[in-house]
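Here is how the chains run, residue by residue.
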Amino acid sequence: MDLFDYMREKNMKQEAPLASRMRPKTLEEVVGQEHIIGKDKLLYRAIRADKLSSIIFYGPPGTGKTTLAKVIANTTSALFTQLNATAAGKKDMEEVVKQARDQQGMYGKKTILFIDEIHRFNKGQQDYLLPFVEDGTLILIGATTENPYFEVNGALISRSVIFELKPLSKDDIRKLLTRAVTDEERGMGSYGALLDGDAAEFLADVANGDARAALTAIELGVLTTERDAADGKIHITLGVAQECIQKRVLKYDKNGDNHYDTISAFIKSMRGSDPDAAVYYLARMLYAGEDVKFIARRIMICASEDVGNADPQAIQVATAAALAVERVGMPEAQIILSQAASYIASAPKSNAAVNAIGKAMNVVGRTKTPPVPAHLQDAHYNASEKLGRGIGYKYAHDYPHHYAAQQYLPDGLEHEVFYEPSENGYEQTIRTYLDDVKRWKKEQEETG
């Protein structure tokens, strides 16, 4: 490293964001995550003993995944090297492997490779690492905000210990804020700032467990707030805090776990007849900027899948809402979606339509396709009578109750039952009608 590189690195450290400067250097400085780095826990013991195996840190942003990797870098005797999966390619990994082999061969020294955003690596890139992790050339530390069991190669997973990091508590965030404001070496202590209790409480609450969000807000507050004329201090009041973090940090990624977890909870709440929960999860999705058309489609599906004919109007409400959402747009679209979601959640439930098509599809898939009964075939084209098409068909409206007893299913399937209405909502009426149909059919068959 020449003088210019040294000065550039020094300046970058001094000018780095507060969240980066305040990153703990030792285990004792780490705040939160006691469930994995408490003094009696496996990870704490492994770091202390410098006996790490390959591990993957999994958790929301701002919970300390990179921080723990940096702590390991500061405590291990192994060579520590870092890649970010968003920018690194195979050539970078080849260079790391070469360096690791050299270190191992010449000095008997292990190499720890920390890969941030490891889920960004494609399958081929992850596969490349596997033999070097397996033979001990590399000790892998991966960090990901996504569920590693879905996003990381199963072979890598089986050779790694998964540690899930949780969102930091409000007490943890408050402790970090106090440290950041008072620390004169790495924090904002030299500015002479004072953090009011209600401001700290607000930031700790609104950050929603994300330390980076809270530290970014306090840094912005200190750097942009005028000093008080009376005491010369920078006062971070509740008003200042509210300006610096105007919107609650929401753990939601349209392509990640939270997206699927939230939409799953939304649908299950509608299915479970809990309109309060349905509207709550709707609000979470809207707050995070979810596509309103996507939400509307899920409501339409739920209207048929979980309500069905127990309330035939449900699909009409859902479809009308979907059309209205496209025409109106946000923010008013949230009212329309709320109406539709609460209606679906409050409607009587039936999955009879789902079961009916499921059974029918199964029968169609496993049996030969029998011909449509001749009397039901189309009789509106030339020579249809000569071919026997449509002959013997009974027009339902010519018979009592507008029902004609005749075979509708193909031969061999005439006794199959696909649609079995529930006893909920309007399907009670349907069930009664179908019972009447059975009775009328029997009467007509007996009278010829």
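Small disclaimer: the values here were computed from a predicted structure and weren't measured. (Residues numbered from 1 in each chain as written. Predicted model: local features only at pLDDT ≥ 70, side-chain atom pairs only at ≥ 80, totals over all residues. Heavy atoms only, no water.)

## Quick look at the overall build of the chain
Move 1: Secondary structure assignment for the chain yields 20 helices and 7 strands.
Move 2: What you see for the chain is a C-alpha radius of gyration of 33 Å, clearly larger than the 22 Å of a compact globule of 448 residues, by over 25%.
Move 3: With 448 residues in all, the chain has 42% of them scored as buried.
Move 4: Summed over all atoms, the accessible surface of the chain reaches about 25,000 Å², with 51% contributed by carbon and sulfur.
Move 5: Charged side chains in the chain number 54 positive and 62 negative. The centres of these two groups are separated by 5 Å. (Helix = DSSP H or I, 4+ residues; strand = E, 2+ residues; numbered from the N terminus. Rg over C-alpha atoms; globule rule 2.2 N^0.38 Å. Buried < 20%, exposed > 50% of the residue type's maximum accessible area, 1.4 Å probe, protein only. Areas by Shrake-Rupley, 256 points an atom, 1.4 Å probe, with all protein chains shown as cover. Lys, Arg positive; Asp, Glu negative; His and termini not counted. Charge placed at Lys NZ, Arg CZ, Asp CG, Glu CD.)

## Thoughts on the layout of surface pockets
Move 1: Size it by volume and the second largest pocket reaches roughly 780 Å³.
Move 2: Surrounding the second largest pocket, 21 residues form its lining, Glu416, Val417, Leu434, Val437 and Lys438 being those nearest its centre.
Move 3: Considering only residue class, the lining of the second largest pocket consists of 10 nonpolar, 4 polar and 7 charged. (1 Å grid on protein atoms, 1.4 Å probe; cavity = no way out; pocket = protein on both sides within 12 Å on 5 of 7 lines; lining within 4 Å. Points joined across faces, edges and corners; volume = space filled by probe spheres on them. Nonpolar A, V, L, I, M, F, W, Y, C, P; charged D, E, K, R; others polar.)

## Some points on the pattern of salt bridges
Move 1: The tally for this structure, following the rule as stated, stands at 16 salt bridges.
Move 2: Here Asp291 ties to Lys293 by a salt bridge, and the two come within 3.8 Å at their closest N and O atoms.
Move 3: Residue classification places Asp291 among the partly exposed positions, given a relative accessible area of 30%.
Move 4: Counted as one network, the salt bridges with shared partners bring together Lys170, Asp171, Arg174 and Glu201. (Salt bridge = Lys/Arg side-chain N within 4 Å of Asp/Glu carboxyl O.)

## Some points on helix H17 (residues 313–328)
Move 1: Its 16 residues place the ends of H17 22 Å apart at the C-alpha level, agreeing with the 22 Å of an ideal helix rising 1.5 Å per residue.
Move 2: In this fold, the buried residues of H17 make contact with helix H16 (292–307) and helix H18 (333–346). (Expected span 1.5 Å × (residues − 1). Contact = heavy atoms within 4.5 Å.)

## Observations concerning the packing of aromatic side chains
Move 1: Under the criterion given, the structure shown has 6 aromatic pairs.
Move 2: With 5.8 Å between their ring centres and 75° between their planes, Tyr433 and Trp440 make a pair best called edge-to-face.
Move 3: A relative accessible area of 42% means that Tyr433 is categorised as partly exposed.
Move 4: By way of ring pairs, the aromatic residues Tyr403, Tyr433 and Trp440 are connected into one cluster. (Phe/Tyr/Trp six-rings, centres within 6.5 Å; stacked < 30°, edge-to-face > 60°.)

## Structural notes on the pairing of strand S3 (residues 111–116)
Move 1: The element S3 is largely enclosed, with a buried count of 6 among its 6 residues.
Move 2: Alternating positions in S3 separate into two faces, Thr111, Leu113 and Ile115 on one and Ile112, Phe114 and Asp116 on the other, with burial throughout.
Move 3: The pairing of strand S2 (residues 79–84) with S3 spans 6 bridges and is parallel. What sits directly across from Leu83, in S3, is Ile115.
Move 4: With helix H6 (residues 90–107) bridging S2 and the parallel S3, this β-α-β connection has right-handed handedness.
Move 5: With 5 bridges connecting them, S3 and strand S4 (residues 139–144) associate as parallel partners. Each residue of the ladder has a partner; that of Ile115, found in S4, is Gly142.
Move 6: On the question of chirality, the crossover connecting S3 to the parallel S4 by way of helix H7 (residues 123–134) is right-handed. (Pairing = 2+ DSSP bridges. Right-handed = clockwise from strand over helix to strand, strands pointing away.)

## Overview of the confidence of the model for the chain
Move 1: Confidence in the prediction of the chain, expressed as mean pLDDT, is 86, and 91% of residues score 70 or more.
Move 2: Mean pLDDT across the elements of the chain ranges from a minimum in helix H1 (residues 3–15), with 52, to a maximum in H18, with 94. (pLDDT = per-residue confidence, 0-100.)

## Let's talk about the sheet that holds S4
Move 1: Taking strand neighbours across the sheet as the criterion, the 5 strands line up as S2-S3-S4-S1-S5 in an open arrangement whose pairing is parallel. Where the open sheet ends on each side, the last strands, each with one partner, are S2 and strand S5 (161–164). Going from strand to strand, the sheet's axes swing by 15° on average, the running direction of each strand aside.
Move 2: In the sheet, strand S1 (residues 55–58) pairs with S4 via 4 bridges, with the strands oriented parallel. Each bridged residue has a counterpart across the sheet, and for Ile56 the counterpart in S4 is Gly142.
Move 3: Against the sheet, H6 makes contact with S2 and S3, and its axis sits at roughly 175° relative to S2, the strand it touches most. (Axes fitted to C-alpha atoms, helices over the stretch in contact; angles between N-to-C directions.)

## Thoughts on the nonpolar core
Nonpolar side chains in soluble globular proteins generally cluster together in the buried interior.
Move 1: One finds Phe266, Met270, Leu282, Ile295, Ile299, Leu337 and Ile344 to be the most contacted residues of the largest nonpolar core, which totals 30 residues.
Move 2: Among the secondary structure elements, those contributing two or more residues to this core are helix H14 (257–271), helix H15 (275–287), H16, H17 and H18.
Move 3: Here this core gets 8 residues from one element, more than from any other, and that element is H16.
Move 4: Residue contacts for Phe266: discarding those within four places in its chain leaves Ala278, Tyr281, Leu282, Met285, Ile295, Ile299 and Ala341.
Move 5: One finds Ala180, Val240, Ala241 and Cys244 within the second-largest nonpolar core, a separate group that totals 29 residues. (Core = buried A, V, L, I, M, F, W, Y, C linked by side-chain atoms within 4.5 Å.)

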